[in-house]
Amino acid sequence: KQWYQRRVRGALIDNRILMAQSKIVISDLIGLNGARFSPFCWRAKSVLRYKGIPFETQDLSLFQIRGGACPLKHPTVPVMVHDGQQIPDSWDIAVFLDKKYPTKPIFKYPGIKESCLVLQNTTNLRLHTSVFNYGVAYKYDRVHPDDKKIYDEKMMVRLGLTLEQMFPKEEHFKGEFQKELGFINQALEKIAQNNPDPNQQFIFGEFSYGDIILFGTMRWIVFGVGLKKGLGEGKFPYIETWWKRVNPLVGVDPNVAEYYK
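Residues numbered from 1 in each chain as written. Predicted model: local features only at pLDDT ≥ 70, side-chain atom pairs only at ≥ 80, totals over all residues. Heavy atoms only, no water.

### Considerations on the overall build of the chain
Here comes step 1: A tally of regular secondary structure across the chain gives eleven helices and six strands.
Here comes step 2: Restricting the contact set of the chain to residue pairs at least 6 apart, pairs at least 24 apart contribute 69%.
Here comes step 3: Total accessible area on the chain stands at roughly 13,000 Å², and carbon and sulfur atoms take up 53% of it. (Helix = DSSP H or I, 4+ residues; strand = E, 2+ residues; numbered from the N terminus. Contact = heavy atoms within 4.5 Å. Areas by Shrake-Rupley, 256 points an atom, 1.4 Å probe, with all protein chains shown as cover.)

Here it is in structure tokens:
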């Protein structure tokens, strides 16, 4: 591994020492049999893996998060605990980590942070809406029993349906989110055509947090519905090519490695 050095008060400090002194814990939303449903948690963990920063995971059900049965001060995940400090929100976690551990930067160029923020908001509003409906319908039998009532309440507000009622509508919701994937596939096709160098075939040219934003969402899709089922069995070749290019950079979760071969 490559490690960096930071200049602190005129002295060079090997970051291995800094990380050895820092214990990092990331909260994660978990279902039955180790299923992990949060794209935002995938993003935070991917930043840590890309930078080679060791961390531990605190697995929580939605009931535990919302019901206050955990020590977190926030009603959503991820929350990163770094030296006792709680940092919520995947975006804030990414910004914090890039400043604290600047080796392998994810916001490398001027303006890249602003571009990533636009991409994140667009992804969260458009792709997540369509994926969420399908993902919830598909994962009905993998949601923790304590969480089903909470999901039912969310779905009744959102669509007027319970989890159980959504399950038969799986194919309808699948069509909605695959339409969104088609737009992303077209964009990645243009990127590939304009940049023959594979090292420049990322969202904003070189690898950045923009790729981690989309990759966290794609991990959510892949883990929730499976790679071939989620991506349409070869229907989106540029997404699959980009996926295979990004995956080694952010590492593979050993608990779900079979989903990322």
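That was the structure; now back to the text.
### What to know about helix α11 (residues 237-250)
Here comes step 1: In a regular helix each residue adds 1.5 Å, so 14 residues correspond to 20 Å; α11 covers 20 Å between its end C-alpha atoms and thus fits that length.
Here comes step 2: Within the span of α11, buried status applies to I239, E240, W242, W243, V246, N247 and V250. (Expected span 1.5 Å × (residues − 1). Buried < 20%, exposed > 50% of the residue type's maximum accessible area, 1.4 Å probe, protein only.)

### Overview of the pattern of salt bridges
Here comes step 1: For the coordinates displayed, the defined rule picks out five salt bridges.
Here comes step 2: Note that E56 and K23 form a salt bridge whose closest N and O atoms lie 3.8 Å from each other. Here K23 lies in the loop between α1 (15-21) and β3 (24-29) and E56 lies in strand β4 (residues 56-60), a separation of 33 residues in the sequence.
Here comes step 3: On the basis of relative accessible area, E56 is assigned to the partly exposed category, the value being 44%.
Here comes step 4: Residues E180 and R126 are paired through a salt bridge, measuring 3.1 Å at the closest nitrogen-oxygen approach. (Salt bridge = Lys/Arg side-chain N within 4 Å of Asp/Glu carboxyl O.)

### Remarks on the nonpolar core
Here comes step 1: Core analysis: the biggest nonpolar cluster contains 41 residues, and L97, I106, F107, L181, Y209, M218 and W242 have the highest contact counts within it.
Here comes step 2: Of all the secondary-structure elements, those providing two or more residues to this core are β3, α2 (39-51), α4 (90-100), α5 (112-138), α8 (170-194), α9 (209-225) and α11.
Here comes step 3: If you tally residues by element for this core, the top one is α9, at eight residues.
Here comes step 4: Contact partners of F107, with chain neighbours within four places excluded, come to W91, A94, V95, D98, I112, K113, C116 and Y209. (Core = buried A, V, L, I, M, F, W, Y, C linked by side-chain atoms within 4.5 Å.)

### Overview of the environment of P78
Here comes step 1: Mapped onto the elements, P78 comes out in the loop between α3 (62-67) and β5 (79-82).
Here comes step 2: With 15 residues separating them along the chain, P78 and I93 place their C-alpha atoms 8.6 Å apart.

### Some thoughts on unusual backbone geometry
Excluding glycine, most residues fall at negative phi; most peptide bonds, likewise, are trans.
Here comes step 1: The omega torsion across V77 and P78 is 5 degrees, close enough to zero to call that bond cis.
Here comes step 2: Positioned with a positive phi, D89 is a non-glycine residue whose angle comes to about 80 degrees.
Here comes step 3: Take D89: it is sitting in the loop between β6 (85-88) and α4.

### Thoughts on the sheet that holds β3
Here comes step 1: If you trace the four strands from one edge of the open sheet to the other, you get β4-β3-β5-β6, paired in mixed fashion. For this open sheet the edge positions go to β4 and β6, each flanked by a neighbour on one side alone. Averaged over all pairs of adjacent strands, the angle between their axes in this sheet comes to 25 degrees, without regard to strand direction.
Here comes step 2: Strand direction decides the pairing type here: β3 and β4, joined by five bridges, are parallel. (Pairing = 2+ DSSP bridges. Axes fitted to C-alpha atoms, helices over the stretch in contact; angles between N-to-C directions.)

### Some points on the packing of α2 against α4
Here comes step 1: For the pair α2 and α4, interaxial distance at closest approach is 9 Å and the crossing angle is 10 degrees. Compared by their axis directions, α2 and α4 come out roughly parallel. Contacts between α2 and α4 involve F40, R43, A44, V47, L48 and K51 from the first element and S90, I93, A94, L97 and D98 from the second.
Here comes step 2: Residues of the contact of α2 with α4, tallied by class, amount to seven nonpolar, one polar and three charged. (Parallel < 35°, antiparallel > 145°, perpendicular 65-115°, else oblique. Nonpolar A, V, L, I, M, F, W, Y, C, P; charged D, E, K, R; others polar.)

### Here we look at the pairing of β6
Here comes step 1: Bridge count between β5 and β6: four bridges; the pairing is antiparallel. Note that in β6 the partner of V81 across the bridge is Q86.
Here comes step 2: The hairpin turn running from β5 into β6, its antiparallel successor, is two residues long, and D83 in that turn takes a positive phi close to 55 degrees.

### Observations regarding α2
Here comes step 1: Between its terminal C-alpha atoms α2 stretches 19 Å, which fits the 18 Å expected from 13 residues at 1.5 Å a residue.
Here comes step 2: Within α2, eleven of the 13 residues are buried, which leaves it mostly tucked inside the rest of the structure.
Here comes step 3: Among all positions in α2, only P39, C41, W42, R43, A44, K45, S46, V47, L48, Y50 and K51 are buried.
Here comes step 4: In this structure S38 caps α2, since a side-chain oxygen of it lies 3.3 Å from the backbone nitrogen of F40. (Polar contact = N/O pair within 3.5 Å; in protein donor to acceptor, adjacent residues only side chain to side chain.)

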